[in-house]
Amino acid sequence: MMLRGAPEGQATAVLRPLATASVLCQVEPVGRWFEAFIKRRNMHVSASFQELEDEKELSEESGDEELQLEEFPLLKTLDPKDWKNQDHYLVLGLGHLRYKASQKQIKAAHKAMVLKHHPDKRKAAGEQIGEGDNDYFTCITKAYEILFDPVKRRAFNSVDPTFDNTVPSKSEAKENFFEVFSPVFERNSRWSNIKNVPKLGVANSSFEEVDAFYSFWYNFDSWREFSYLDEEEKEKAECRDERRWIEKQNRATRALRKKEEMNRIRTLIDTAYSCDPRIKKFKEEEKAKKEAEKKAKVDAKRKEQEEKEKQRQAELEAARLAKEKEEEATRQQALLMKKEKDIQKKAVKKERQKLRTTCKNWSYFSDNEAECVKMMEEVEKLCDRLELTSLQCLNEALTSTTREEGKAAVEKQIEEVNEQIKKEREEADARLRQATRSTEKSTSGGGGGSKNWSEDDLQLLIKAVNLFPAGTNSRWEVIANYMNLHSTTGIKRTAKDVINKAKNLQKLDPHQKDDINKKAFDKFKKEHGVVPQAEIATPSERFDVPLTDSSPWTTEEQKLLEQALKTYPVNTPERWEKIAASVPGRSKKDCMKRYKELVEMVKAKKAAQEQVLNAAKTKK
């Protein structure tokens, strides 16, 4: 039964008898019967599928009958024993077809060769025949055995002697890339396990086509194998061990040849990829695209920065305007306050002048000159102490009263002011006495007491504090141990005593500290005599540098000196000149002197720390 084709614009439908209601299904016409229908419709004939199959077989048979064989002129000269090195396609007359020859063509060629070269036929014709397998007809038999067996034929095709294994060089493909590489890839595509091998394409092929081509070849799956070139045949082995050894040798040889083949294919692909003008074009386009994207990013970033800068400038401008507005408001407020203050000041001045004038007109309420002077001083005191409201009240009282009443009002005001002054003085004296007692208490407190600290001990403490700065391990224990070692009083100081005294010294004013240092220096001069003054001499050429003051080293100068000492080691030529150049404002002599002081300080610190550690070990 054959389905009819659906009319144009309609679909074929099949109704299936089911228990439920019928459903309309869309069916796609397929199969060999539909193929036969299409062929009949295209050829405008009416024939069945079987008739078409018979027609196909007849056409193939007629093709076999029309097969043209090429006679191998050297066939009779072949050595039957060397059949493995012969070209089997040439022996059967299929040299023009080779790997494209079908099984039926191989069978037909063998049939024709047998009919022509069979030993019996040649013997009947009077031709001399070789004995056994020494006749050249053995080569025809071997050729048919190899080519008719698909496995053996595949092994022979893998080592086809006519196949060109060469790989074009870059110089050959420089001008005519597609003309050079297209036939090479087409020739090597016969080894692919995957059919429909992509073509090399043309100069205007798309990126997807080129990428698919090179992806296929970089992952090329080759069926080519080299078992035909095995030097040893395992069938000739006399025992199982020998057969295994032969198989092992053959596998190793095949793997080596397979590796060489894959390297050849890879070399071909790499050469083509490096010479392909399309790849260069794609790379340039990709590079241009990346540069465009990079430029777009840079422009976007620049635009964003400009927007941010614009916004920042707007914010700064708004802040500036707000600040100016605030400053203007503050200035106006200050001006207003100043005006009010000036007005109040003028009013106070006016009231004071009025008070002075009133008292002066009344002769300061006395006819005695001494009392007038005293009253004048008291009036000035009132002018200085009284505020505006008090002065106004007093002036109003003086204006509306007699002299005696005015005098009483003034004297009453003077008594109140004197009481206030007296009270303020008492409070100040009380605060002063309290501060004095606190100072005496703090000075007399502490471990050894102020009376036990001599001037030498104070100077030694100051020296130790400077010698062991903050950050020294067990700093106050080290300072106490240092004082116990160098003190002449014989009093043992603890870390707590040293801390308390150091705090007290910090509370002293600079004049007291200078007094302590001066006394220590006077004692030094008394013990060691007057320090001789150095003669003023002309500096030598080596130290011909400007004189610098012996001011203390700042923290920044100390850091620069330490960095210079690390930068210029001991073996550096003109080391101290370079170090002095690295510390602005300091000469070579200053740097050397400071370096010696640092060395002595480090040595003393290490010695004191070792003594503390030894004392701790002794206690344990």
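As a convention, each chain's residues are numbered from 1 in the sequence order in which they are written. The predicted origin of the model limits local features to residues at a pLDDT of at least 70 and limits the giving and counting of side-chain atom pairs to 80 or more, whereas totals for whole chains, interfaces and linings rest on all residues. To get the side-chain values, all heavy atoms of the structure are used, and hydrogens and water are removed first.

## What about the packing of helix H9 (residues 207–218) against helix H11 (residues 277–361)?
Item 1. Put simply, H9 and H11 touch, their axes get as near as 11 Å, and they point 120 degrees apart. Taken as axis vectors, H9 and H11 run oblique relative to one another. Every pair of crossing elements has a handedness; the one defined by H9 and H11 is left-handed. Residues Phe-207, Val-210 and Tyr-214 of H9 touch H11, and the partners they reach there are Arg-278, Ile-279 and Phe-282. Simply put, an axis is a line fit to the C-alpha atoms, just over the touching stretch for a helix, and the angle between two N-to-C directions goes from 0 to 180 degrees. Secondary structure elements are taken from DSSP: a helix is a run of H or I of four residues or more, a strand is a run of E of two residues or more, and numbering for both begins at the N terminus. With respect to orientation, any angle under 35 degrees is reported as roughly parallel, any angle over 145 as roughly antiparallel, any angle of 65 to 115 as roughly perpendicular, and every other angle as oblique. Crossings are assigned a handedness: left-handed for a near helix turned anticlockwise from the far helix by less than a right angle, right-handed for a clockwise turn. Residue contacts are counted whenever heavy atoms from the two residues lie within 4.5 Å of one another.

## Quick look at a negative patch on the surface
Item 1. Patch membership needs two things, relative accessible area over 30% and no salt bridge, and members are linked within 9 Å if like-charged or within 5 Å if nonpolar (Val, Leu, Ile, Met, Phe, Trp, Tyr). Calculation of accessible area relied on Shrake-Rupley with a 1.4 Å probe; when residues are assessed, cover is drawn exclusively from the protein chains displayed. Any carboxyl oxygen of Asp or Glu within 4 Å of a side-chain nitrogen of Lys or Arg constitutes a salt bridge here. When charges are counted, Lys and Arg are positive and Asp and Glu negative, with His and the chain ends excluded. Charge placement uses NZ in Lys and CZ in Arg. For Asp and Glu, CG and CD serve respectively. A contiguous patch of negative charge, built from Glu-411, Glu-415, Glu-416, Glu-419, Glu-426, Glu-427 and Asp-429, is present on the exposed surface.
Item 2. Along the chain, Glu-415 falls in helix H14 (residues 403–444).

## Comments concerning the packing of aromatic side chains
Item 1. Any two rings among Phe, Tyr and Trp, with Trp reduced to its six-membered ring, count as a pair given centres within 6.5 Å; such a pair is stacked if its planes are under 30 degrees apart, edge-to-face if over 60, and tilted if neither. This model, assessed by the stated rule, comprises 21 aromatic pairs.
Item 2. Considering the side-chain rings of Phe-156 and Tyr-228, the 5.4 Å spacing of their centres and the 70 degrees angle between planes classify their relative orientation as edge-to-face. One end of the pair, Phe-156, is in helix H7 (residues 150–158); the other, Tyr-228, is in the loop between H9 and helix H10 (240–275), and 72 residues separate them in sequence.
Item 3. The rings of Phe-177, Phe-178, Phe-181, Phe-185, Phe-213, Tyr-214, Phe-216, Trp-217, Tyr-218, Phe-220 and Tyr-273 are connected pair by pair, giving a single aromatic cluster.
Item 4. Of note, Lys-142 hangs over the ring of Trp-83, and the distance from its end group to the ring centre comes to 4.7 Å.
Item 5. Look at NZ for Lys and CZ for Arg. If either is within 6 Å of the ring centre and within 35 degrees of the ring normal, a charge sits over the ring. Positioned over the ring face of Tyr-99 is Arg-190, at 3.8 Å from the centre of the ring.

## Describing the confidence of the model for the protein
Item 1. pLDDT runs from 0 to 100 and stands for how confident the predictor is about each residue. Averaged over all residues, the pLDDT of the protein is 81; the fraction at 70 or higher stands at 83%.
Item 2. Low pLDDT, under 50, characterises residues 15–19; the predicted model gives this stretch three contacts beyond four residues in sequence or across chains.
Item 3. When the criterion is pLDDT under 50, residues 446–451 qualifies, and its contacts beyond four places in sequence or with other chains add up to 10 contacts.

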